[in-house]
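Structural features, examined
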Amino acid sequence: VERKNLHLQVRPAIGRMQSIKDYVLNRKGDCGIIYCLSRKSTEKVAETLTTAGIKAAYYHAQLKAEKRQRVQQAFQQDEIRVVCATIAFGMGIDKPNIRYVLHHNLPKNIESYYQEIGRAGRDGLPADTVLYFSYQDAQILRQFIEDSEAEESFKIVQRAKLNRMLEFGQATSCRTNMILSYFGEHRAEGCGHCDNCLKPPKLEDATEDARKLLSAVARTGQRFGLSYVIDVL
């Protein structure tokens, strides 16, 4: 179901910690959730925000049950404004005034992403979502899949889901329509409440740049990552 009160936005992950800090400081009176990929990330982001004067806390599965309950209760009662959490946080949360959900890392699939941003704006008022997009996160998630002991058939499905998440992050068309399409709903007109609809990206012909990039990849033996190839170029 489309949530028309949610504004969807994707930003590059370059400098994301500073960007997140600035974002939260600009919305000091609002409540929000920042989803992170790892326990370490939740603690680091929470520490950064706390140092900046934000009432923030971290939440992950490795915390003792008593501490998790304390954080959850403090958030429900607006004693803390921001929770930096892994996906362990949110089940059973029905807080109506969450004004934003940020993703410090790339979610592993569209289902997780849409469930997590769905915790914002449950009072029907406008709420914002920002996903910080990183190829490095995608590599980490892909490695999780490869390292798991699951059957190959399961891994194939998980790879496909991660690829759809990558497509969402790189989209130049309506992001809401991409989500609706994923769940089997299709429409032509844009949603009017995602970044690509509100401010369509400017497209340029990068054919020549792409040729140079592919040439550099070939000439360096197809053995190096993006940063090295960029340095060569």
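A short tour of the structure in this document, coming up.

Here is what the cut-offs are and how they apply
Each residue is numbered by its place in its chain's sequence as written, counting from 1. Totals for whole chains, interfaces and linings use all residues, but because this is a predicted model, local features are given only for residues with pLDDT of at least 70 and pairs of side-chain atoms are given and counted only at 80 or more. As a rule here, side-chain values come from all non-hydrogen atoms in the structure, and water together with hydrogens is ignored. Runs of E in the DSSP output that reach at least two residues are strands. Runs of H or I that reach at least four are helices, and both are numbered from the N terminus. Relative accessibility thresholds used throughout: buried, under 20% of the residue-type maximum; exposed, over 50%; partly exposed, between the two (1.4 Å probe, protein chains only). Any N or O atom pair separated by 3.5 Å or less is treated as a polar contact, with the protein-specific requirement of one donor-capable and one acceptor-capable atom, and with residues adjacent in sequence counted only for side-chain atom pairs. Note on contacts: a residue pair is in contact if any heavy atoms of the two residues lie within 4.5 Å. Each nonpolar core is a collection of buried residues, namely Ala, Val, Leu, Ile, Met, Phe, Trp, Tyr and Cys, held together in the definition by side-chain atoms within 4.5 Å. A fitted line through C-alpha atoms represents every axis, and for helices the fit uses only the stretch in contact; the resulting angles, taken between N-to-C directions, go from 0 to 180 degrees. Angle categories: roughly parallel below 35 degrees, roughly antiparallel above 145, roughly perpendicular from 65 to 115, and oblique for all the rest. Left-handed is the label given to a crossing in which the near helix is rotated counterclockwise from the far helix by less than a right angle, and right-handed is the label when the rotation is clockwise. When residues are grouped by polarity, Ala, Val, Leu, Ile, Met, Phe, Trp, Tyr, Cys and Pro land in nonpolar, Asp, Glu, Lys and Arg in charged, and all others, Gly among them, in polar. Expected helix span is taken as 1.5 Å per residue step, with the number of steps being one fewer than the number of residues. This arc is built from the directions going out from the helix axis to the C-beta atoms. Here, any two strands with at least 2 DSSP bridges between them count as paired.

1. A word on the side chain of histidine 104
- Within the secondary structure, histidine 104 sits in the loop between β5 (98-103) and α4 (110-117).
- In this structure histidine 104 comes out as buried when scored by relative accessible area, which is 7%.
- Engagement of the side chain of histidine 104 in a polar contact is seen with the side chain of asparagine 105, the distance being 2.9 Å.
- Those residues within four positions of histidine 104 in sequence are excluded, and the remaining contacts are Arg16, Ile20, Ile34, Tyr35, Cys36, Ser41, Val45, Tyr132 and Asp137.

2. A short note on the nonpolar core
- Within the largest apolar cluster, 41 residues are counted, with the highest numbers of intra-cluster contacts made by Leu8, Phe75, Val83, Phe89, Leu106, Tyr113 and Phe168.
- Here valine 83 is in contact with Gly32, Ile33, Ile34, Ala57, Tyr59, Val71, Phe75 and Phe89, once residues within four sequence places are set aside.
- The next biggest cluster of nonpolar side chains, apart from the first, holds 17 residues, and it includes Ala13, Val24, Ile34 and Tyr132.

3. Looking at the packing of helix α6 (residues 152-170) against helix α7 (residues 175-182)
- Contact pair α6 / α7: the axes reach a minimum separation of 10 Å and the direction vectors enclose 160°. As the angle between them shows, α6 and α7 are arranged roughly antiparallel. Crossing handedness for the pair α6 and α7: right-handed. Between α6, through Lys161, Arg164, Glu167, Phe168 and Gly169, and α7, the contact on the second element is made entirely by Arg175, Met178, Ile179 and Tyr182.
- Residues that form the contact of α6 with α7 fall into these classes: 4 nonpolar, 1 polar and 4 charged.

4. A few points about helix α3 (residues 65-76)
- For α3, with 12 residues, the first-to-last C-alpha span of 16 Å sits near the 16 Å given by 1.5 Å per residue.
- Here α3 has its buried residues at Val71, Ala74 and Phe75. The arc that holds the buried residues of α3, viewed along the axis, is 100°, so those residues lie on one side. Away from its buried face by more than 90 degrees, α3 exposes Glu66 and Gln69.

5. Details of the pairing of strand β2 (residues 31-35)
- Among the 5 residues in β2, 5 count as buried, and that is most of the element.
- Alternating positions in β2 separate into two faces, Cys31, Ile33 and Tyr35 on one and Gly32 and Ile34 on the other, with burial throughout.
- In terms of strand pairing, β2 meets β5 through 5 bridges, oriented parallel. By the bridge assignment, isoleucine 34 is partnered in β5 with leucine 102.
- Bridge count for β2 against strand β4 (residues 82-85) is 4 bridges, and the pairing is parallel. When the bridges of β4 are listed, isoleucine 33 appears paired with valine 83.

6. As for the sheet that holds β4
- An order of β1-β6-β5-β2-β4-β3 is seen for the 6 strands of this open sheet, with the pairing classed as parallel. Looking at which strands have only one partner, the edges of the open sheet turn out to be β1 (6-12) and β3 (56-59). When the angles between neighbouring strand axes are averaged without regard to direction, this sheet yields 15°.
- Where α4 meets the sheet, its contacts fall on β1, β2, β5 and β6 (127-133), and the angle it forms with β5 comes to roughly 150°.

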